[in-house]
Structure formats: structure tokens, C-alpha cells
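Chain and residue survey
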Amino acid sequence: RTISSKQQKELKETTYDVNDLLNEYFDFVTEKIDVQRGLTLVVDPGNGSACDMLPLYEKLGHTVHGINTTFDGTFPGRGPNPNEKTTGQASEKVRQAHADFAVAFDADADRGNVLDNTGPFVPPEKIAVIIAKNSEKIGNVVASVDCSILLERELNGTGIHVIRGKVGDVFMAQAVK
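The paragraphs below set out a description of the structure included in this document. Note that this is a predicted model, so its numbers are computed, not measured. (Residues numbered from 1 in each chain as written. Predicted model: local features only at pLDDT ≥ 70, side-chain atom pairs only at ≥ 80, totals over all residues. Heavy atoms only, no water.)

**What to know about the sheet that holds strand β5 (residues 121–122)**
For clarity, the cut-off: When DSSP finds two or more bridges between two strands, those strands count as paired. Helix and strand assignments come from DSSP, with helices taken as H or I runs of at least 4 residues and strands as E runs of at least 2, each series counted from the N terminus. Contacts were defined at the residue level, with two residues in contact if any of their heavy atoms lie within 4.5 Å. Orientation is described by lines fitted to C-alpha atoms, with helices fitted over the stretch in contact, and by angles between N-to-C directions that extend from 0 to 180 degrees.
One open sheet accounts for five strands, arranged β2-β1-β3-β4-β5; its pairing is mixed. At either margin of the open sheet sits one strand with a lone partner, and together these are β2 (63–66) and β5. The pairing of strand β1 (residues 40–44) with strand β3 (residues 101–105) spans four bridges and is parallel. Bridge pairing links D44 to A104 in β3. Contacting β1, β2, β3 and β4 (112–115), helix α4 (residues 88–96) runs over the sheet at an angle of about 165° to β1.

This is the structure we're talking about:
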């Protein structure tokens, strides 16, 4: 929809308090999610976009241990991309805190990689299989071509169909639609 020049001017003059927006978002999410029990989590935003998200997990009833939680575009904690080589600090913290698991986000927080309760990095395909097998309303799983064949192997015979798409969020969004 198009907006008038008057509406454009009003939008430009509007200011928002980031904390108010985050709290509004947190309220929205907590209304949609029914957490069965509180967990102990390690959250590693990697000095990126997810740094302000730890209160959401607390609001959901979890105990949260944060690392690399200060915004810094030079990503001094572990670099912008969490992987098996860069998540050593989260791995140590999950064991030290006796946490249920850890999640380490990439710089723009569109990916989160999981480490289990003993510290090892869990491949994303395994997480997708766990979620798919434990979801009541799932018929298809969309995965990029760079994901392993584990998805098909584990989901074959469950009624869940794996749809492959090109690598990239734009292509994944198209495949989901």
C-alpha cells in the first residue's frame, strides 16, 4: 500500500524507545509460546544482533547465562559465525553451568547453532530432525542443498517430506511459501 507524503513525514518524525519495542515483542512471543518447564540455557549472541534478546528467555521462565553479550561489530568474543571451531567458550560455559543446552547466534541472529548439555556442537540437521519428529503440525521441512542427507534418512517414513532449495534466506523463504 502507498502512503501519503503527510504520512511519510509523520513516520520520519516518530521516535521509538528500543526497550519499549523489545518489551512489546517479548510480550507477543511469551503469549504465543507455552513453556512446559524452565531450562538452564547458555546464550551466546556473539556480540551481534541478538545481544538484547536474553531477557526474552528469562521472561519465558528460563535461567540464562550469557556470554559475548555486548554489541561490538568487531566481534571480539568468537567472530560473527558460530561453528564447531568458534564455540569453545559456549561449550565450556554449558558444562560449567550444568545447562540444558547452549545456543550461539550468528552476527545478524538469523541462525542459531546448538550445543548439547555436555558441550559439543550439534549439527543443525540433527536439530531439524528433533523438531520435526516432535512437532504435531508439520508436513514438510525446507532445507538448503548444503544440508546433509540426514534429514531424508531420518524423516523417511514419518510422513514428513523434505523440500530442498538453494542456499540463502531469500531462496529458503520462497521454498517455504
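Still more ground to cover, so stick around.
**Topic: the environment of F28**
The topology assignment puts F28 in helix α2 (residues 18–32). Through-space distance from the C-alpha of F28 to that of L11 is 23 Å; in sequence the pair is 17 residues apart.

**As for the pattern of salt bridges**
Our working rule: A pair is scored as a salt bridge if a Lys or Arg side-chain nitrogen falls within 4 Å of a carboxyl oxygen belonging to Asp or Glu. Relative accessibility thresholds used throughout: buried, under 20% of the residue-type maximum; exposed, over 50%; partly exposed, between the two (1.4 Å probe, protein chains only).
Taken as a whole and assessed by the stated rule, the structure comprises six salt bridges. For the salt bridge of K59 with D27, the shortest nitrogen-to-oxygen distance reads 2.1 Å. On the criterion of sequence distance, the pair formed by K59 in helix α3 (residues 54–59) and D27 in helix α2 is long-range, its members being 32 residues apart. Among the residues examined, K59 registers a relative accessible area of 44% and is labelled partly exposed.

**Details of the packing of aromatic side chains**
Aromatic ring pairs are described here by two measures, namely the spacing of the ring centres and the angle between the planes. We count it as follows: Whether two aromatic rings pair depends on their centres lying within 6.5 Å, for rings of Phe, Tyr and Trp, where Trp uses its six-membered ring; planes under 30 degrees apart make the pair stacked, over 60 edge-to-face, and the rest tilted.
According to the stated counting rule, one finds one aromatic pair in the structure shown. Ring centres of Y25 and F26 lie 6.3 Å apart, and the angle between their planes is 55°; on these two criteria the pair is classed as tilted. Since its relative accessible area comes to 42%, Y25 is described here as partly exposed.

**Considerations on a nonpolar patch on the surface**
Operational definition: To count toward a patch, a residue needs a relative accessible area over 30% and no salt bridge; like charges are then connected within 9 Å, while nonpolar side chains (Val, Leu, Ile, Met, Phe, Trp, Tyr) are connected within 5 Å. Note on areas: Shrake-Rupley, 1.4 Å probe, and residue coverage restricted to the protein chains presented here.
A contiguous nonpolar patch, built from I3, L11, Y16 and L21 and spanning about 400 Å² of accessible area, is present on the exposed surface. Structurally, Y16 is set in the loop between α1 (5–13) and α2. Look at Y16 and you get exposed, because its relative accessible area is 55%.

**Digging into the layout of surface pockets**
Using the following cut-off: As defined here, a cavity is a set of points on a 1 Å grid over the protein atoms alone where a 1.4 Å probe fits but cannot get out. A pocket is an open set with protein on both sides within 12 Å along at least five of seven lines, and residues line them when an atom is within 4 Å of a point. Grid points are joined across faces, edges and corners, and a volume is the space filled by probe spheres set on the points. In this count, Pro and Cys sit with the nonpolar residues alongside Ala, Val, Leu, Ile, Met, Phe, Trp and Tyr, while Asp, Glu, Lys and Arg are called charged and the others, Gly among them, polar.
The space that makes up the largest pocket amounts to roughly 950 Å³. D110, R111, P124, S144 and C147 are, among the 27 residues lining the largest pocket, the residues nearest its centre. Counting residues per element, the ones that place at least two in the lining of the largest pocket are β4, β5, α5 (124–133), β6 (140–144) and α7 (169–176). Here the element with the most residues in the lining of the largest pocket is α5; it accounts for six residues. Tallied by class, the residues present in the lining of the largest pocket amount to 17 nonpolar, five polar and five charged. Size it by volume and the second largest pocket reaches roughly 420 Å³. Every residue along the wall of the second largest pocket is listed here: K32, I33, D34, V35, Q36, R37, L39, L41, Y57, H62, F101 and V103. Tallied by class, the residues present in the lining of the second largest pocket amount to seven nonpolar, two polar and three charged.

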